[in-house]
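An overview of the molecular structure
This is what each chain is made of:
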Amino acid sequence: VPELPEVETVARQLAPLLAGQRVAGLTLLDRARLPLPGRGRLRGRRIARVFRAGKQVLLELRARAAAPLWLAVHLRMTGRLVYRPGARRVGRRHLRAVLRLERGWLLFYDPRRFGTLALHESPAGFAPAGVEPLSPALTAARLGALLETSRQPLKLWLLRQDRLVGLGNIYASEILFHARLHPERPASSLRREEVARLHRALRRVLRWAIDCCGTTFSDFQDAHGVSGAFGACLAVYGRAGEGCGRCGGTIERRVHGQRSTYFCPGCQRG
Ligand SMILES: [Zn+2]
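As a starting point, this report considers the structure included with it. (Residues numbered from 1 in each chain as written. Predicted model: local features only at pLDDT ≥ 70, side-chain atom pairs only at ≥ 80, totals over all residues. Heavy atoms only, no water.)

**What to know about the overall build of the protein**
Along the protein, the regular secondary structure elements total five helices and ten strands. For a compact globule of 270 residues, the expected C-alpha radius of gyration is about 18 Å, and the protein comes in at 20 Å, within 12% of that figure. The C-alpha extent of the protein, read off along each of the three principal axes, is 55 × 35 × 30 Å. The buried share among the 270 residues of the protein stands at 50%. For the protein, the proportion of contacts with a sequence separation of at least 24, taken over those separated by at least 6, is 62%. In the structure as shown, the protein presents an accessible area of about 12,400 Å², 50% of it carried by carbon and sulfur atoms. (Helix = DSSP H or I, 4+ residues; strand = E, 2+ residues; numbered from the N terminus. Rg over C-alpha atoms; globule rule 2.2 N^0.38 Å. Buried < 20%, exposed > 50% of the residue type's maximum accessible area, 1.4 Å probe, protein only. Contact = heavy atoms within 4.5 Å. Areas by Shrake-Rupley, 256 points an atom, 1.4 Å probe, with all protein chains shown as cover.)

What follows is the structure, encoded as structure tokens:
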């Protein structure tokens, strides 16, 4: 499942390929699961900007005589955006939508079909409910205030998209390892110094992952169809039974809310 670093990677890679191009049209190949009312309004507009909001990729579309529109692509479990500078060598398998541009095609593939497309007339329409973990708005004090209101275990709290946006199973485990916090600690039990550690780990792990172009796992691929390199940098995720790189202890796996959590009992004490 793509998390914040993977979606950020896709948006950054697509931006220079798409910016300035005019939209010829949008073809839907799976209208039952992927409808998009009003898609005719896209035609003739120029892509002014490509960016990430939460786990969505946003295309800002401008027209001379009309207000801007935003096309939001939510990749969900298995969605993938790939740019091809022409119709040749385009795989049809799992292809759900094609944004036809003046110099190429933006292809939306989605084997599991949970991904969505939406058109918005204002940024309020796609603004995520939670705080962006990499925005200056998320100070350590703000994080502390958010944590204070919940007794949920830290691991599950980090997955809540109405608190922080963009974190999933992989980065929640990694962030807690780097913050040296046990995944089952209640969110509100953190002391000020521990909140500061979590705040630092959040930013460091996410920035590092973006630099490594997302994680290699499942079928995540970036916009060029190449897998990310962060998989080799994972300290605990998917490594149950292996030795901890910091203390030499054995990494454990536990299930929280039907999802696996990986942690080092030596470094992350309860
Ligand atoms: Zn350890």
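**Let's talk about helix H5 (residues 192–211)**
In an α-helix there are 3.6 residues to a turn, and that puts residues three or four apart on one side. With 20 residues, H5 should cover 28 Å at 1.5 Å per step; its first-to-last C-alpha distance of 29 Å lies within 8% of that length. All of the buried residues in H5 are Glu194, Val195, Arg197, Leu198, His199, Ala201, Leu202, Arg203, Val205, Leu206, Ala209 and Ile210. Looking at the buried side of H5, the elements it contacts are helix H1 (4–18), helix H2 (140–148), helix H3 (154–159) and helix H4 (169–179). (Expected span 1.5 Å × (residues − 1).)

**Focus on the coordination of the zinc ion**
Only Cys244 (SG), Cys247 (SG), Cys264 (SG) and Cys267 (SG) from the protein reach the zinc ion as donors, at distances of 2.2 to 2.4 Å. Coordination at the zinc ion comes from four donor atoms whose angles at the metal span 97 to 118°, giving a geometry best classed as tetrahedral. Between the donor residues of the zinc ion, the gaps in sequence give the motif C-x2-C-x16-C-x2-C. Taken together, the residues span a long stretch of sequence, with Cys247 in the loop between H5 and strand E9 (252–256) and Cys264 in the segment after strand E10 (259–263) at a distance of 17 residues. (Donors = N, O, S within 2.8 Å, 3.2 Å for Na, K, Ca; no water. Tetrahedral: all angles 85-135°; square planar, octahedral: opposite > 155°, others 65-115°.)

**Some words on a positive patch on the surface**
Taken together, the side chains of Arg180, Arg200, Arg204 and Arg246 define a basic patch exposed on the protein surface. Among the residues examined, Arg180 registers a relative accessible area of 38% and is labelled partly exposed. (Patch = residues over 30% accessible without salt bridge, like charges linked within 9 Å, V, L, I, M, F, W, Y side chains within 5 Å. Salt bridge = Lys/Arg side-chain N within 4 Å of Asp/Glu carboxyl O. Lys, Arg positive; Asp, Glu negative; His and termini not counted. Charge placed at Lys NZ, Arg CZ, Asp CG, Glu CD.)

**Things to note about the sheet that holds strand E2 (residues 46–53)**
Sheet architecture is open: four strands sit in the order E2-E3-E4-E8, paired in antiparallel fashion. What marks the edges here is a single partner per strand, and that holds for E2 and strand E8 (116–120). In this sheet, adjacent strand axes meet at a mean angle of 20° when their direction is disregarded. Where H1 meets the sheet, it contacts E2 and strand E3 (56–63), and its direction lies at approximately 165° from that of E2. (Pairing = 2+ DSSP bridges. Axes fitted to C-alpha atoms, helices over the stretch in contact; angles between N-to-C directions.)

Interpretation note: all reported values are geometric properties and have no functional meaning in isolation.
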